[in-house]
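Below, each chain spelled out in residue letters.
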Amino acid sequence: MGDGTGPEPEIIVAGDGAAIVLEDEEAKSRKLGWDFALSRVTLLQLATCAATGVAEPLLGTIDAYWVATLGTTALASLGPNTAVYSSVIAVVAAHGFGTAATRVMAVALEKDDRARKDGSLRPGDKTGAGANIIAVTRTAVAFGVMCSLFIMAFPTFVVNCVGVAPEVVAPASGYMRARALGVPAVCLIAVLGGAFQAARDARTPLMAVMLAGSTNLVLDPSFIFLLKMGFQGAAYATVVAQYAEAALMWWFAFRGPRRVNFFGGAADLECAEARALAAETDKDAETDAETSIASACEPASYAFDRKLAWKFFREATSMLGRVANVVAVWAGTSALAARIGVYSGAAHVLLFQIVCIISIAAGALTTVSNAVASRLQVSEGDSAASGAGAALSLLGVAIFFVIGNLFWAIRVPLLTNFTPDTRVVEAALRSYPVVMMCVSTYFYKALEGALIGRGDAKSVNAVFAAGGFVCAASLAWTCSKGALTLQGVWHSLLLYYVALSGGMLIRWIQLDRGVAPIGGKTFKTTPAAPIASADDGDLSDDD
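Residues numbered from 1 in each chain as written. Predicted model: local features only at pLDDT ≥ 70, side-chain atom pairs only at ≥ 80, totals over all residues. Heavy atoms only, no water.

Engineer: Explain the overall build of the chain to me, and be specific about the residues and the numbers.
Structural biologist: In terms of regular secondary structure, the chain is built from 23 helices and two strands. Every one of the 543 residues in the chain was classed for burial, and the buried ones make up 56%. Considering only intrachain contacts with a sequence separation of at least 6, the fraction spanning at least 24 residues in the chain is 82%. Element-wise, carbon and sulfur atoms account for 65% of the exposed surface of the chain, whose accessible area totals about 21,800 Å². (Helix = DSSP H or I, 4+ residues; strand = E, 2+ residues; numbered from the N terminus. Buried < 20%, exposed > 50% of the residue type's maximum accessible area, 1.4 Å probe, protein only. Contact = heavy atoms within 4.5 Å. Areas by Shrake-Rupley, 256 points an atom, 1.4 Å probe, with all protein chains shown as cover.)

Given below as structure tokens:
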């Protein structure tokens, strides 16, 4: 560009050299991503995504509140169920299927938008987002059904695998079998939540989670006390609430007004009117045009695409490294805490429910960062995705500083509200400072989502593997020094989260300095030439 009017702009080579951009162009792209991440729409999306994310652990917390009124033994019986449904099922659904659905749908929606702009997707054509959401939901529900059938067939085996005191095996197994009925609904909620967040729909998930919470709040005491169902009543109340939430989300996605997000229709009205005007002298042509538009908006007109389902399943399994790691750490530490003793086990249930709510709500940062980074990658390039991830990470630091201080201030009334047993409360309070230190590291979830959105999911798996090793080594060292305590369990979890936040930050800096994503994928970073490599090839181009 040298024309003698100023210094030659610095040339930046990203990835393997395929993308060359000017420094000022990259700075503008980063600022665009920053502004997009901190826009009112994104912040509203973040808040409602957090509300959706806490649905499963919140339902479990309502259960814990009412079950605690039945006694300490009943509360301890929730331990293995918490490990399975909050540590395993919810994590697999949200971190595996939910994360994959967010990325798949974000890319499909952005491609549809681009196709509409360049005229290759006309009114009446079937959308890529519509085909993908059908494949995503059917695959996730099928997985949920298989998990449900296994747990219902072998509840005692699952409880014993987790490990509990002999006196709680029977009640815990009955609760385990009842809750298994809700697993397909949990999987459907996770993928539809990801699809709505990819579409930047901030209201539908919020309405669904409000319905679930209010349903469970009413049915828990009704089933336990009025219908005399006791401990099992809490499980059935939760299952009903889960299906209520799933049904509402499904209706909005496939039958209600929100279906235009995925199947088109509302955005095509202007084009439809133009086509009708052009065809007004030919009634048959006008009728054909209107019919094709209406049929394309109907989900029933879409065939189940096995290729898309397989691609989604591959995308979900690519997340299994981090999913398996989180499941192993959460389930393993919960099992160890349950074996320390009844009071320590009950205290861990309370602490874990609190952390579960905060952690899965923090997953909103992962979901939104993933959706925003994925869409910006397609439309604007990697620099914009990087700017958005950095903005959301700094926002996360501020959010969890406030949350940590808030939960510290209310620690005593919060715990005593769950149980009047002073020995359980005292055991929980001894570990509470470490729990809040864990919470302060949760800003890493924004980096996690943005790394996935930038095409570097394999590095995320590697960071989680390193964190798991740190946690296991800490637990082994603690056990070698004497009997394991609840504080020792939570100190090991703190080291786990420190390793995760440090690893994500290091990897983020490496990508920004030009290191290629693991797997060799590269991304153009100029807004003038959005990417067409990683997402196009992996998710939707095998037609």
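Engineer: A description of helix H14 (residues 306-317) should follow, citing residues and the corresponding values.
Structural biologist: Taking 1.5 Å of rise per residue, the 12 residues of H14 would be expected to cover 16 Å, and the 16 Å separating its terminal C-alpha atoms lies within 8% of that figure. Of the residues making up H14, those classed as buried are Leu308, Ala309, Lys311, Phe312, Glu315 and Ala316. The buried residues of H14 all sit within an arc of 160° when viewed along its axis, so they share a single face. Facing away from the buried side of H14 by over 90 degrees, the exposed positions are Arg306, Lys307 and Trp310. (Expected span 1.5 Å × (residues − 1). Arc of directions from axis to C-beta.)

Engineer: With reference to specific residues and values, describe the environment of Gly387.
Structural biologist: Inspection of the secondary structure puts Gly387 in helix H17 (residues 382-409). In sequence terms Gly387 and Leu376 are 11 residues apart; their C-alpha atoms lie 10.0 Å from each other.

Engineer: So, the packing of helix H15 (residues 320-340) against helix H22 (residues 486-512): which residues are in play, and what are the values?
Structural biologist: How two helices sit against one another is set out by the angle between their axes and by the gap between those axes. Close contact between H15 and H22 brings their axes to 9 Å; oriented N to C, the two are set at 170°. As the angle between them shows, H15 and H22 are arranged roughly antiparallel. Between H15 and H22 lies a crossing of left-handed hand. Counted together, Asn325, Val326, Val329, Trp330, Thr333, Ala337 and Ile340 of H15 and Leu486, Val489, Leu493, Tyr496 and Tyr497 of H22 form the full contact between these two elements. (Axes fitted to C-alpha atoms, helices over the stretch in contact; angles between N-to-C directions. Parallel < 35°, antiparallel > 145°, perpendicular 65-115°, else oblique. Left-handed = near helix turned anticlockwise from the far one by under 90°.)

Engineer: If you had to explain the packing of aromatic side chains to someone new, which residues and values would you point to?
Structural biologist: For the structure on display, the rule yields 18 aromatic pairs. For the ring pair Trp408 and Tyr432, a centre distance of 6.1 Å and an interplane angle of 45° mean the geometry is tilted. Of this pair, Trp408 sits in helix H17 while Tyr432 sits in helix H19 (residues 422-439), and the two are 24 residues apart along the sequence. Taken together, the aromatic side chains of Phe400, Tyr442, Tyr444, Phe464, Tyr496 and Tyr497 make up a single cluster linked through ring pairs. Over the ring of Tyr302 we find Lys126; its NZ or CZ atom is 5.6 Å from the centre of that ring. (Phe/Tyr/Trp six-rings, centres within 6.5 Å; stacked < 30°, edge-to-face > 60°. Lys NZ or Arg CZ within 6 Å of the ring centre and 35° of its normal.)

Engineer: Pulling in residues and values, what's your account of the pattern of salt bridges?
Structural biologist: Any two side chains of opposite charge can pair, given that their charged atoms come close. Scanning all chains against the criterion turns up 12 salt bridges. A salt bridge links Glu110 to Arg375; the shortest N-O distance between them is 2.7 Å. A residue pair is termed long-range when its members are at least 10 positions apart, and Glu110 in helix H4 (residues 72-118) and Arg375 in helix H16 (residues 342-379) qualify at 265 residues. In this structure, Glu110 and Arg375 share a single accessibility class: buried. Of the charged contacts, one joins Arg507 and Asp456 as a salt bridge, the two residues approaching to 2.7 Å between their closest N and O atoms. Of this pair, Arg507 sits in helix H22 while Asp456 sits in the loop between helix H20 (444-453) and helix H21 (457-480), and the two are 51 residues apart along the sequence. In this pair, the class of Arg507 matches that of Asp456, namely buried. Sharing partners across several salt bridges, the network here consists of Arg30, Asp382, Arg454 and Asp512. (Salt bridge = Lys/Arg side-chain N within 4 Å of Asp/Glu carboxyl O.)

Engineer: Tell me about the nonpolar core, residues and numbers included.
Structural biologist: Ile133, Phe262, Tyr442 and Trp490 are the most contacted members of the largest nonpolar core, which has 146 residues in total. The residues contacting Phe262, other than those within four sequence positions of it, are Met105, Leu109, Thr127, Ala129, Gly130, Ile133, Ala195, Phe196, Ala199 and Ala253. (Core = buried A, V, L, I, M, F, W, Y, C linked by side-chain atoms within 4.5 Å.)

Engineer: Quick one: what's the story with the packing of H16 against H22, residue by residue and with numbers?
Structural biologist: Relative to each other, H16 and H22 sit at 30°, their axes nearing to 11 Å. With respect to H22, the axis of H16 lies roughly parallel. At the point where H16 passes H22, the crossing takes the right-handed sense. The segment H16 lies against H22, with Ser344, Ala347, His348, Leu351, Phe352 and Val355 engaging Leu486, Val489 and Trp490. Its residues assigned to classes, the contact of H16 with H22 comprises seven nonpolar, two polar and no charged. (Nonpolar A, V, L, I, M, F, W, Y, C, P; charged D, E, K, R; others polar.)

Engineer: Which residues make up the environment of Pro205, and what values go with them?
Structural biologist: Topologically, Pro205 is positioned in helix H9 (residues 204-226). For the pair Pro205 and Leu192, spaced 13 residues apart in the sequence, the C-alpha separation amounts to 8.5 Å.

Engineer: Please give an account of H21 that cites residues and values.
Structural biologist: Its 24 residues give H21 an end-to-end C-alpha distance of 35 Å, which sits within 8% of 34 Å, the value for a rise of 1.5 Å per residue. Residues of H21 that are buried include every one of Ala457, Ser459, Val460, Asn461, Val463, Phe464, Gly467, Gly468, Cys471, Ser474, Leu475 and Thr478, and no others. Turning to H21, the residues buried within the fold contact H15, H20 and H22. Positive phi appears at Gly482, one or two residues downstream of H21, with a value of about 145°.

Engineer: Now, about a nonpolar patch on the surface: what can you tell me, with residues and values included?
Structural biologist: Taken together, the side chains of Leu181, Leu226, Leu227, Met229 and Tyr236 make up a nonpolar region of the molecular surface, amounting to roughly 470 Å² of accessible area. On the secondary structure map, Met229 appears in the loop between H9 and helix H10 (231-254). (Patch = residues over 30% accessible without salt bridge, like charges linked within 9 Å, V, L, I, M, F, W, Y side chains within 5 Å.)

Engineer: Hey, could you go over the confidence of the model for the chain for me, with residue numbers and the actual values?
Structural biologist: Put simply, the chain has an average pLDDT of 79, and 83% of its residues get 70 or more. Within the chain, helix H23 (residues 534-540) has the poorest average pLDDT of any element, 40, and helix H5 (residues 128-153) the best, 93. Below pLDDT 50 for its whole length, residues 1-22 participates in 29 contacts with residues either more than four positions away or in separate chains. Every residue in residues 520-543 is under pLDDT 50, and counting partners more than four places away or in other chains gives 69 contacts. (pLDDT = per-residue confidence, 0-100.)

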